[in-house]
Amino acid sequence: MIVQYTHPADPDKFLAYYRDVHAPLAAGLPGLVSLDWVACETLDGSRAPHFLIATLTWNSKADALAALGSPQGKATTADLANFTDPATVAVDFGEVNPG
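Quick look at the structure, then. Please read these numbers as outputs of a predicted model, since none were measured by experiment.

**Concerning the packing of aromatic side chains**
Alright, step 1. Applying the stated criterion across every chain, the model contains 9 aromatic pairs.
Alright, step 2. The interplanar angle of 90° and the centroid separation of 5.2 Å between the aromatic rings of Phe 14 and Phe 51 together place this pair among those described as edge-to-face. Taken as a pair, Phe 14 in helix H1 (residues 11-27) and Phe 51 in the loop between strand S2 (34-39) and strand S3 (52-57) lie far apart in primary sequence, 37 residues in all.
Alright, step 3. Given a relative accessible area of 2%, Phe 14 falls into the buried group.
Alright, step 4. With a centroid separation of 6.0 Å and 70° between ring planes, the pair formed by Tyr 18 and Phe 83 is classed as edge-to-face. Residue Tyr 18 is located in helix H1, and its partner Phe 83 is located in the loop between helix H3 (71-79) and strand S4 (90-92); the two are separated by 65 residues in the primary sequence. Comparing Tyr 18 with Phe 83 shows no difference in burial state: the two are buried.
Alright, step 5. Members of the aromatic cluster, joined through ring pairs, are Tyr 5, Phe 14, Tyr 17, Tyr 18, Trp 37, Phe 51 and Phe 83.

About the thresholds
Residues numbered from 1 in each chain as written. Predicted model: local features only at pLDDT ≥ 70, side-chain atom pairs only at ≥ 80, totals over all residues. Heavy atoms only, no water. Phe/Tyr/Trp six-rings, centres within 6.5 Å; stacked < 30°, edge-to-face > 60°. Helix = DSSP H or I, 4+ residues; strand = E, 2+ residues; numbered from the N terminus. Buried < 20%, exposed > 50% of the residue type's maximum accessible area, 1.4 Å probe, protein only.

As structure tokens, then:
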């Protein structure tokens, strides 16, 4: 699962909340194999299309859907409203294909 966040009004506040509250909450999702996130940059220093991108990995789509439907998943989703506009968050699912 890839989660893409738009640029916030207060980047420092967003990053502090994401790092200290939201990422640890998401890390507790059932069956989660890995959670990685990056504050986006570009090679030329221009504004990146996204402010932050997170990648969450489960062993299967079924595991991901079960985790998101769990109490921890619902709490993680509800927490979005504490630091961003949930309507501006893009979520994509896909199967990883090794290169």
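Picking up where we left off.
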